[in-house]
Amino acid sequence: MKRSIKKQTLILTMANGIVRFLGMLMRIVLSRLMGAEIMGITELSQSVHMLAITPLTSGLPLAVSRLTAKAAPRERTKPLEAGIAIVRTVSLIMIPLMILLSPLLARMAGDLRVLPSLWFSAPCILILGYSAVYNGYCYGTEQSGLPAWSELIEQTARLLLAFVILTTLRRLSAPWMAAVPVFSTMAAEIIGLFFVIGMLKLPQSESAELSRWTRPILQLALPTTAARLVTTMLRALESIILPKRLMASGLIRSEALSRLGMLNGMVMPLTLLPCIFTSALSMVLVPRIAKEENDPQALKKLLFMSFLCCGFAGLLGYGALFISAPLFANLIFRLPELTEWLRMASPLALIFPFAHVTGSVLASLGQQKRAVLGSIPVSILTLALTWLLCAQPALRQKGVIIAQGAGQIILLLWNLLVLLLWFRKRNEDYSL
């Protein structure tokens, strides 16, 4: 059992490492070919894109993974097929709505140049929804290799497509140039999805057999989806207000957009590098915890080992980012001012992994509702701190880093408190 966890985590970590490397390479290529201001436009559209795909990519894969792991062998495809039915129904409503509301969303974002990006985001609702459900099934059946290969294929295709389009169509206007990453994502996700479907070759069941699975999937998925939707909305709002608050600090709009692109497109992704490991660990833990939750001793041992590995990854990421900040700033991004930003943000590389893993553990234990009670207020607090701090001329983008750090520390403490209360209640139940 331990060997299985280690093997799956190692496979996913290696795959995530290559995927993140390709993602970082893509950001470097985009920053060179598009410039910081157009990167800022892309980040504005990315916030709306994430908001659009969140309903189908947050709670569903966890629910499908948990139910698949606990299902009898002959019924393991039922959660997958019920999840697909949910994706189809939701997409039928959301895709036309997204297309119709795109002009309004662009105006709300404060820059009409994001409109082409939003059009390309609409089909991603269905495509990424399918991918999320299939990935949940793969993790539930411990076939972690398939999502890993799929992500590698997707990220490679995404990088190549973006590079070819930007170098071939050099006369693209700013709005369409900013839409290239979203279009590349859409096309690459289609390729990755067909790869997974082709490799699984699963038989289809009658829809009547799936009705009894729909309700438990929704019960598990909705709390996580609701929390993620609220936090994503707040992050989207943060990306919208951030340029305005930077302008309030004395910057012109083009400089404010450039700083948004530098912060969200260059600095923050580097702080998430330890999540290469913790993302893999989280996905492997979900089905394993579902099987071990009735054995407190085995569960505690599993969690202790996971938190220990998480701490090691976080410390390594923090140290590496702090030391290599000048290298990223001067050699890779060619923006010397990023050195100070990266070093200030480096402690986030230690905090993010713990908050990520503890949130996944609570979802695995069915404690999504309690987790929501912490994550939503923390997101609101983070947004409020961002609003207050980044308008200060002495702080500006540093205020966002401070707000993120404060929010993640509070979220981590809340998750640990909920986990402690769950263990205490479980021990009381067993003592009775």
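### Some words on the layout of surface pockets
One number sums up the size of the largest pocket: a volume of about 280 Å³. Forming the boundary of the largest pocket are 14 residues, of which Leu273, Pro274, Ala313, Leu316 and Gly317 lie nearest the centre. Going through the elements one at a time, helix H10 (275-292) and helix H11 (296-332) are the ones with two or more residues in the lining of the largest pocket. Among the elements that take part in the lining of the largest pocket, H11 stands out by supplying nine residues, more than any other.

### Some details on unusual backbone geometry
Phi at arginine 334 takes a positive value of approximately 60°, unusual for a residue other than glycine. Looking at where arginine 334 falls in the secondary structure, it is placed in the loop between H11 and helix H12 (338-345). Judged by relative accessible area, which is 56%, arginine 334 ranks as exposed. You will see that arginine 396, though not glycine, has its phi angle at about 50°, which is positive. Following the sequence through the fold, arginine 396 ends up in the loop between helix H14 (368-389) and helix H15 (397-431). By relative accessible area, arginine 396 is classed as buried at 18%.

### A short note on the packing of helix H2 (residues 36-57) against helix H9 (residues 253-271)
The geometry of H2 relative to H9 is characterised by a closest axis approach of 7 Å and an angle of 70° between their N-to-C directions. Taken together, the axes of H2 and H9 lie roughly perpendicular to each other. Crossing hand, H2 versus H9: left-handed. On H9, the residues that touch Ala36, Glu37, Met39, Gly40, Glu43 and Leu44 of H2 are Ser254, Leu257, Ser258, Leu260, Gly261, Met262, Asn264 and Gly265.

### Overview of the environment of leucine 146
Locating leucine 146 in the fold gives a position in helix H6 (residues 145-168). Sequence separation between leucine 146 and phenylalanine 277 is 131 residues, and the spatial gap between their C-alpha atoms is 17 Å. When residues no more than four places from it in sequence are discounted, the contact partners of leucine 146 are Cys138, Phe195, Val196, Met199 and Leu200.

### With respect to the nonpolar core
Grouped together as the largest cluster of nonpolar side chains are 83 residues, with contacts concentrated most on Leu60, Tyr134, Ile217, Leu263, Phe333, Leu338 and Leu342. Ignoring anything within four residues of it in the chain, the contact list for tyrosine 134 reads Leu80, Ile84, Leu193, Val196, Ile197 and Leu200. In this structure, Phe277, Leu303, Val357 and Leu362 belong to the second largest nonpolar core, which totals 19 residues.

### Examining the environment of leucine 12
Mapped onto the fold, leucine 12 is located in helix H1 (residues 2-34). For leucine 12, a relative accessible area of 2% puts it in the buried group. Once the C-alpha coordinates of leucine 12 and leucine 146 are considered, the two residues, 134 residues apart in sequence, prove to be 9.8 Å apart. Non-local contacts of leucine 12, meaning those with residues more than four positions away in its chain, are made with Tyr139, Ser144, Ala148, Ala280, Met283 and Val284.

About the cut-offs
- Per-chain numbering applies: the sequence of each chain, read as written, is numbered from 1 onward.
- At least 70 in pLDDT is required for a residue's local features to be given in this predicted model, at least 80 for side-chain atom pairs to be given and counted, and no such filter applies to totals for whole chains, interfaces and linings, which use all residues.
- No hydrogens and no water enter the side-chain calculation; it runs on all heavy atoms of the structure.
- Here a cavity denotes a set of grid points, spaced 1 Å apart and computed over the protein atoms alone, in which a 1.4 Å probe fits but from which it cannot get out, and a pocket denotes an open set meeting protein on both sides within 12 Å along at least five of seven lines; residues with an atom within 4 Å of a point are reported as lining.
- Grid points are joined across faces, edges and corners, and a volume is the space filled by probe spheres set on the points.
- Going along the chain from the N terminus, every DSSP run of H or I of four or more residues is numbered as a helix, and every run of E of two or more is numbered as a strand.
- Working definition: with a 1.4 Å probe on protein chains only, accessible area under 20% of the residue-type maximum means buried, over 50% means exposed, and in between means partly exposed.
- Lines fitted to the C-alpha atoms define the axes, with helices restricted to the stretch that makes contact. Angles between their N-to-C directions range from 0 to 180 degrees.
- We call two directions roughly parallel when the angle between them is under 35 degrees, roughly antiparallel when it is over 145, roughly perpendicular when it lies between 65 and 115, and oblique otherwise.
- For any helix crossing, the convention is left-handed if the near helix is rotated counterclockwise from the far helix by under a right angle, and right-handed if that rotation is clockwise.
- Every residue pair with non-hydrogen atoms within 4.5 Å of one another is taken to be in contact.
- Only buried residues count toward a nonpolar core. Its members are Ala, Val, Leu, Ile, Met, Phe, Trp, Tyr and Cys residues joined through side-chain atoms within 4.5 Å.

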